[in-house]
Amino acid sequence: MAWSGGVLLGFMMLWTVVMAGRMISDGESMAGRRRELIDNGLAKTPQMGWNSWNHFYCGINEQLIKETADALVSTGLSSLGYQYVNLDDCWGESDRDSEGNLVAKGSTFPSGIKSLADYMHDKGLKLGIYSDAGSQTCSKTMPGSLDHEEQDANTFASWGVDYLKYDNCYNPGTSPQERYNTMGKALLNSGRNILFSLCEWGQENPATWANGVGNSWRTTGDIEDNWESMLSKADENDQWASYAGPGGWNDPDMLEVGNGGMTTEEYRAHFSLWALAKAPLLIGCDVRSMSSETKDILGNSEVIAVNQDGLGVQGRKVKSNDGLEVWAGALSGGRVAVVLLNRSGSQASITADWSDIGLQSSQAEVRDLWEHSTSKAEGQITATVDSHACKMYVLTSK
């Protein structure tokens, strides 16, 4: 099979990451060594949790949020690492109070945000909230935090909030670096460690500047619940792989798994690519009524372990030809994670040679993360992969 001329370059880039990663102790990647990270001690591995937007949009209330928290616990998802329960847009009143403070919407969050945070903390979970680096949030139903950064950060801290997603609508056209940095500093000065998730949509290449500002940064526009949108976000995110590491992660947007727009195999590929890319794993479906197939995908502990690996190296695309792709990335202990992805319209055989993925020894133990089976291989792995599907492995040198 003839592969693209970029194979050598892709291999060389991956091999650099693999070899550098092996020389650094677990929990500290090459990127982490040379990056000035935000000093809040959070997101040593990509954040995991749930966000209200992809499924509910503005239709949220405190009962829904509490029931979601209950479901994360009862399904066992919280014990796998899904700890943040994040409110997106539309949680607040349209105007600030007489002292200029943001106020929870009385008709939908009558008990207030502090009460909701207490509910999460009692369950061993954490509460996330949403604001905007402009005059209004994207729904235009709430004030943004522009020129109120310190006040709002202190408000969030007083409520016990653990996470801020910070959008970019209705901004004055000034540099996002300046506006996001202002909020980042305000959060650090608030007296509470709050994970800072920048949602600047990748417009001004935040991977190149956001690592000292927040714990994750959107590298793409909003994802949609379909195969092509998901793949385009994976591709856009891939180019920034070298900028990710413990404390700061590239974010190709939240998960659509379980929302109905893709097949089970497509959702499995979606989850595999996000895990390999060390993307934040933020569930976007209704976990109260999710199918067993959705739960099996989101609850695959072996795939989650790739995402949460302490080395913190973002996997990337290393081989591509006519929609048949190999994605790979270094893991702790000299292991390598591999995704064989079939983007084409028909079933096909995909091969990853050891030289593609930076594996030195001739033999390897091959763990199939979706079949939960183990085999051995020498020099390469080959699999027949259905259209719009993937295989995912962890390879350990023998």
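Fair warning: this is a prediction, and the values are worked out from it, not measured in the lab.

Caption draft 1: Here's a closer look at the nonpolar core. One finds Tyr 82, Trp 91, Phe 271 and Leu 298 to be the most contacted residues of the largest nonpolar core, which totals 83 residues. At seven residues, helix H9 (residues 264–276) tops the list of elements feeding residues into this core. Discounting chain neighbours no more than four positions away, the residues touching Trp 91 are Ile 60, Leu 102, Val 103, Ala 104, Lys 105, Phe 109, Ile 113, Ile 129, Tyr 130, Met 142, Phe 156 and Trp 159.

Caption draft 2: The arrangement of the sheet that holds strand S9 (residues 316–321) in detail. Read across the sheet, six strands follow the order S9-S10-S11-S16-S13-S14 without closing on themselves; strand pairing throughout is antiparallel. At either margin of the open sheet sits one strand with a lone partner, and together these are S9 and strand S14 (373–378). Each adjacent strand pair in this sheet contributes to an overall mean axis angle of 25°, direction not counted. In this sheet, strand S16 (residues 389–397) lies alongside strand S11 (residues 336–342) in antiparallel orientation, the contact comprising seven bridges. What sits directly across from Leu 341, in S16, is Cys 390.

Caption draft 3: Spotlight on the sheet that holds strand S5 (residues 195–198). Across the sheet, eight strands lie side by side as S7-S6-S5-S4-S3-S2-S1-S8; this open sheet has parallel pairing. The sheet is open, and its two borders are formed by strand S7 (249–251) and strand S8 (281–283), each paired with just one other strand. Averaged over all neighbouring strand pairs, the angle between strand axes comes to 25°, with direction disregarded. Both strand S4 (residues 163–167) and S5 contribute to a ladder of four bridges, which runs parallel. Among the inter-strand pairings, Tyr 163 is bridged to a residue of S5, identified as Leu 195. The sheet contacts of helix H7 (residues 176–188) involve S4 and S5, and relative to S4 the element is tilted by about 165°.

Caption draft 4: Broad picture of the confidence of the model for the chain. Per-residue confidence for the chain averages 92 on the pLDDT scale, and 91% of its residues sit at or above 70. Contacts of residues 1–34 to residues separated by more than four positions or lying in other chains number 65 contacts, the stretch itself having pLDDT below 50.

Caption draft 5: The packing of aromatic side chains, seen in detail. Inspection of every chain in the model, using the stated rule, returns nine aromatic pairs. Here the aromatic rings of Trp 91 and Trp 159 are separated by 5.8 Å at their centres, their planes lie at 85°, and the arrangement is edge-to-face. You can see Trp 91 sitting in the loop between strand S2 (84–86) and helix H5 (113–122) and its partner Trp 159 sitting in helix H6 (residues 149–159), a full 68 residues away along the chain. Of the two residues, Trp 91 and Trp 159, both sit in the buried class. In textbook terms, an aromatic cluster arises when at least three aromatic residues are bridged by ring pairs, as seen for Trp 91, Phe 156 and Trp 159. Geometry around Trp 370 places Arg 268 over its ring, the cationic atom sitting 5.1 Å from the centre.

Caption draft 6: Representation of the state of the cysteines in the model. Counted under the stated rule, the structure contains two disulfides. Linked covalently through their sulfurs, Cys 138 and Cys 169 form a disulfide whose S-S length is 1.9 Å. With the S-S dihedral at roughly 95°, the linkage between Cys 138 and Cys 169 falls on the right-handed side. One end of the pair, Cys 138, is in the loop between strand S3 (126–132) and H6; the other, Cys 169, is in the loop between S4 and H7, with 31 residues separating them in the sequence. The buried category is assigned to Cys 169, whose relative accessible area is 15%. For the chain, the disulfide bridges join cysteines in the arrangement 1-2, 3-4, where the cysteines are counted in sequence order. Here Cys 199 is not cross-linked by a disulfide; its sulfur's nearest cysteine counterpart is in Cys 138, at 7.0 Å. Since its relative accessible area comes to 2%, Cys 199 is described here as buried. Cys 285 forms no disulfide, and the closest cysteine sulfur to it belongs to Cys 390, at a distance of 18 Å. Its relative accessible area of 1% is what places Cys 285 among the buried residues.

Caption draft 7: Representation of the packing of helix H4 (residues 62–74) against H5 within the structure. One can describe the packing of H4 onto H5 by two numbers: an axis separation of 10 Å at closest approach and a directional angle of 10°. Taken together, the axis directions place H4 and H5 in an arrangement best described as roughly parallel. Residue-level inspection shows Glu 62, Ile 65, Lys 66, Ala 69 and Asp 70 of H4 in contact with H5, the latter providing Leu 116, Tyr 119 and Met 120. Looking at side-chain class alone, the contact of H4 with H5 contains five nonpolar, no polar and three charged residues.

Caption draft 8: Seen up close, the packing of helix H8 (residues 227–238) against H9. One way to put it is that H8 packs onto H9 with a least axis distance of 11 Å and a crossing angle of 15°. Taken together, the axis directions place H8 and H9 in an arrangement best described as roughly parallel. In this structure, H8 crosses over H9, and the sense of that crossing is left-handed. Contact residues: Trp 227, Met 230, Leu 231, Lys 233 and Ala 234 in H8; Glu 266, Ala 269, His 270, Leu 273 and Trp 274 in H9. Partitioning the contact of H8 with H9 into residue classes produces seven nonpolar, one polar and two charged.

Caption draft 9: Looking closely at H5. Turning to H5, its buried residues number three or more, namely Ile 113, Leu 116, Ala 117 and Met 120. Viewed along the axis of H5, the buried residues span an arc of 100°, placing them on a single side of the element. In this fold, the buried residues of H5 make contact with H4, S2, S3 and H6. Just downstream of H5, Gly 124 is the residue with a positive phi angle, here 80°.

Caption draft 10: The pairing of strand S15 (residues 380–385), seen in detail. Of the two faces of S15, only one is covered, namely that formed by Ile 381, Ala 383 and Val 385; the face formed by Gln 380, Thr 382 and Thr 384 stays uncovered. The sheet contact formed by strand S12 (residues 348–353) and S15 spans six bridges and is antiparallel. Bridged to Ile 350 within S15 is Ala 383.

Cut-offs applied
Numbering of residues starts from 1 in each chain and follows the order in which that chain's sequence is written. Residue-level local features of this predicted model are given only where pLDDT is at least 70; pairs of side-chain atoms are given and counted only at 80 or more, and the full residue set underlies all totals for whole chains, interfaces and linings. The basis for the side-chain values is all heavy atoms of the structure; hydrogens and waters are excluded. Remark: nonpolar core denotes a set of buried residues (Ala, Val, Leu, Ile, Met, Phe, Trp, Tyr, Cys) joined through side-chain atoms within 4.5 Å. Exposure categories follow from relative accessible area, calculated using a 1.4 Å probe and restricted to protein chains: below 20% of the type maximum is buried, above 50% is exposed, and the middle band is partly exposed. By definition, any uninterrupted DSSP run of H or I lasting at least four residues is a helix, any uninterrupted run of E lasting at least two residues is a strand, and each is numbered from the N terminus. The contact criterion used throughout is that any non-hydrogen atoms of two residues lie within 4.5 Å. We call two strands paired when DSSP finds no fewer than two bridges between them. A fitted line through C-alpha atoms represents every axis, and for helices the fit uses only the stretch in contact; the resulting angles, taken between N-to-C directions, go from 0 to 180 degrees. The predictor attaches a confidence to each residue, called pLDDT, with possible values from 0 through 100. Stacked, edge-to-face and tilted labels apply to pairs of Phe, Tyr and Trp rings (six-membered ring for Trp) whose centres lie within 6.5 Å, assigned for plane angles under 30 degrees, over 60, and everything in between, in that order. In this scheme, the term charge over a ring applies when either NZ of a lysine or CZ of an arginine sits within 6 Å of the ring centre and within 35 degrees of the ring normal. The definition used for a disulfide is geometric: two cysteine sulfur atoms within 2.5 Å. Roughly parallel here means an angle under 35 degrees, roughly antiparallel means over 145, roughly perpendicular means 65 to 115, and every remaining angle is called oblique. The residue classification treats Ala, Val, Leu, Ile, Met, Phe, Trp, Tyr, Cys and Pro as nonpolar and Asp, Glu, Lys and Arg as charged. All others, Gly included, are polar. Whether a crossing is left-handed or right-handed is set by the direction in which the near helix is turned from the far one by less than a right angle, anticlockwise for left-handed and clockwise for right-handed. Within this analysis, the arc is defined by the directions that extend from the helix axis to the C-beta atoms.

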